[in-house]
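Coordinates in review
Listed here are the chains, written in short residue letters.
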Amino acid sequence: MRLVKHFVVALTFFAAMAAALALTDRAHPVAAATACTDLVGLDLQDGTVLSATDITAPFLTAASSGTAMITVSAPFPFCLVKAQLTPTADSNINMEIWLPAKANWNGKFLGVGNGALTGAIWHTSMVRPLRDGYAVANSDLGHQVSTANWALGHPEKVIDYAYRGDHVTALAGKVIVQALYGHRPKSSYFHGCSNGGHQALMEAERFPDDYDAIIAGAPWNQWTHQNVEFIWRALRLENFNTAKLPVITSAVVAKCGTRDGGVSTDPYLNDPRDCQFNPKTMLCPGADGPTCLTATEVDAVQKLYDGPSNPDTGQNLFPGFERGSEFGWVAFGAFVNNLFQNMVFENDPTWDFHTFNFTTDVQFFDDKLAGIINSNHPDLSAFRARGGKLIMWQGWTDTTLEPHNSVNYYNSVIAVTGGGLDLNDHSHDHDGSDHGRRKGRDDDHIRPREALEDTQDFFRFFMAPGVNHCGGGNGPNSSFAYTVANTPGPDDPDHDILQALDRWAQNGIPPRTFIASHFTNGVADSTLPICAYPKVARYKGKGDPTVPGSFVCVDDWDDFERDFAHELHNIRSDIRRGTLVNLPQH
């Protein structure tokens, strides 16, 4: 109960703070600048503009990986503004905003997200929006290293990373826009994937007035338990011959392919939820071999499918990997020892993830950071009430952030924001029965399909078969290519997610299907529909399987109702246990 009350109080506080800051921002008049360079020294609410430069030639910048170099080939000059934001004495948030020439500005502002533990401004996510006429901003979220070393002894920097950096960047960005163009943007959007997806949902939950419409790709929104899963997977993969992983994927696709509505030639599953592959079928009959699994490996695969659990209670802590994704299973070193040493068990450089306790350490982690950094609260009513629109997407072969967590989160929003489930009602019997009511609705009789329809008025969700983390993979991924590292398709609302968001926000036309392509060496070799959940694209059984006309989007009510019932049970269990702050769980 204590955690539930703490989180509700925290949300109330942050909503009030956001409203106060928004009012302060609106009351901050700024005269129009006469030139880009006049922005230097502009006084911002929490900082100042350090430099403002007219870019009149191709802009060479390092890609986010820090290795490759890319050329920003903007079709027109732009104004590159750098600012330093210091909302606290220990804050040092570096932001950039790229502003197109006045004649080419589309009148809109776009914030973009980062990835992982960030530490850099993600120029590669700013290029395409600039070309489309957006004034586009990003920050380093308050630090300039890609590990968690910055967090040790700096709780304010943790808050900057968790949520404050994006908020103050949004406020400052709009002031700079007004200073250059003479008026505020007519619309403001946010687009991010991975940690950027976490940032996107944090904005919708904590600061609903910052953005009119938001894209959250593969969101790292249940941040604490995803890091618990990183340790879980690292432990299981240690004694596994990873050269066998692609062999497992081949066996999975051979068993389940086409049974889920896909095409027999696809090297991926159309819908992994329909696959019941058992790794025991690959148990070596005798000696170990390259195409079979030892008993230890069989156990490891099953545990990776299941996800981490509390050994004392059996409670599942996070979803596991999807079947068909085995080829990409890897451990992430920066998210085990380094993160926990510096951000969780502070000032303990000797701590090792092999000692992690999936009962007491999980509780300690949640108590310390869940209320600050998780962006998984299912009540989006404030964002919806102000007319906000939200698109979330993820690939089914994502092996960085488990896809089913996004399925669970969407269903939690359906239950709470769409279905009216009361998160403050604790009148639940120990046997799990519920008697709470809200807004005249009986929580025991939430109608999933009606709650879904209600939610889809402002929030749509897309799962992409065969697509990896934030893009790539063997499936059609071009609709979600928000960086220049991915090959995009046509730049229109039926093919591009940002264009679709804009059409929804401006014209009230929600996205129902994306026509996405898979590219090999720059050439599209398949183009297929990606349907809004719970619809799934099914092959008609005839026709060219590489063109969208050979597929039809159909409602997968069976999987939806199972997903929804499972998540509704989890929410009610969390309310009873007083662990609502950790929603959603698998």
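Structure shown above.
Criteria and thresholds
Residues numbered from 1 in each chain as written. Predicted model: local features only at pLDDT ≥ 70, side-chain atom pairs only at ≥ 80, totals over all residues. Heavy atoms only, no water. Axes fitted to C-alpha atoms, helices over the stretch in contact; angles between N-to-C directions. Helix = DSSP H or I, 4+ residues; strand = E, 2+ residues; numbered from the N terminus. Parallel < 35°, antiparallel > 145°, perpendicular 65-115°, else oblique. Contact = heavy atoms within 4.5 Å. Nonpolar A, V, L, I, M, F, W, Y, C, P; charged D, E, K, R; others polar. Phe/Tyr/Trp six-rings, centres within 6.5 Å; stacked < 30°, edge-to-face > 60°. Buried < 20%, exposed > 50% of the residue type's maximum accessible area, 1.4 Å probe, protein only. Disulfide = S-S within 2.5 Å.

This paragraph deals with the packing of helix α12 (residues 448–455) against helix α14 (residues 557–577). Look at α12 against α14: their axes get within 11 Å of each other, and the N-to-C directions meet at 90°. In terms of axis orientation, α12 runs roughly perpendicular to α14. Taken together, the residues of α14 that come into contact with α12 (itself represented by P448, R449 and L452) are W557, F560, E561 and F564. Class assignment for the residues of the contact of α12 with α14 results in five nonpolar, no polar and two charged.

Before going further, it helps to spend a moment on the packing of aromatic side chains. The tally for this structure, following the rule as stated, stands at 37 aromatic pairs. Between F340 and F345, the ring centres sit 6.2 Å apart and the planes meet at 25°, which makes this aromatic pair stacked. Pair check on accessibility: F340 and F345 agree, each one buried.

The next point concerns the state of the cysteines. Where two cysteines share a covalent bond between their sulfur atoms, that bond is called a disulfide. If you walk through the whole model with that rule in mind, you get five disulfides. Covalently, C256 is tied to C275 through a disulfide, its sulfur atoms 2.1 Å apart. Between C256 and C275, the disulfide has an S-S torsion of 65° and is therefore right-handed. Note that C256 is positioned in helix α6 (residues 245–256) and C275 in the loop between α6 and α7 (295–306), a separation of 19 residues in sequence. You'll find C256 and C275 in the same group, each marked buried. By sequence order of its bonded cysteines, the protein has the disulfide arrangement 1-2, 3-8, 4-5, 6-7, 9-10.

Limitation: the analysis is restricted to geometry and does not speak to function.
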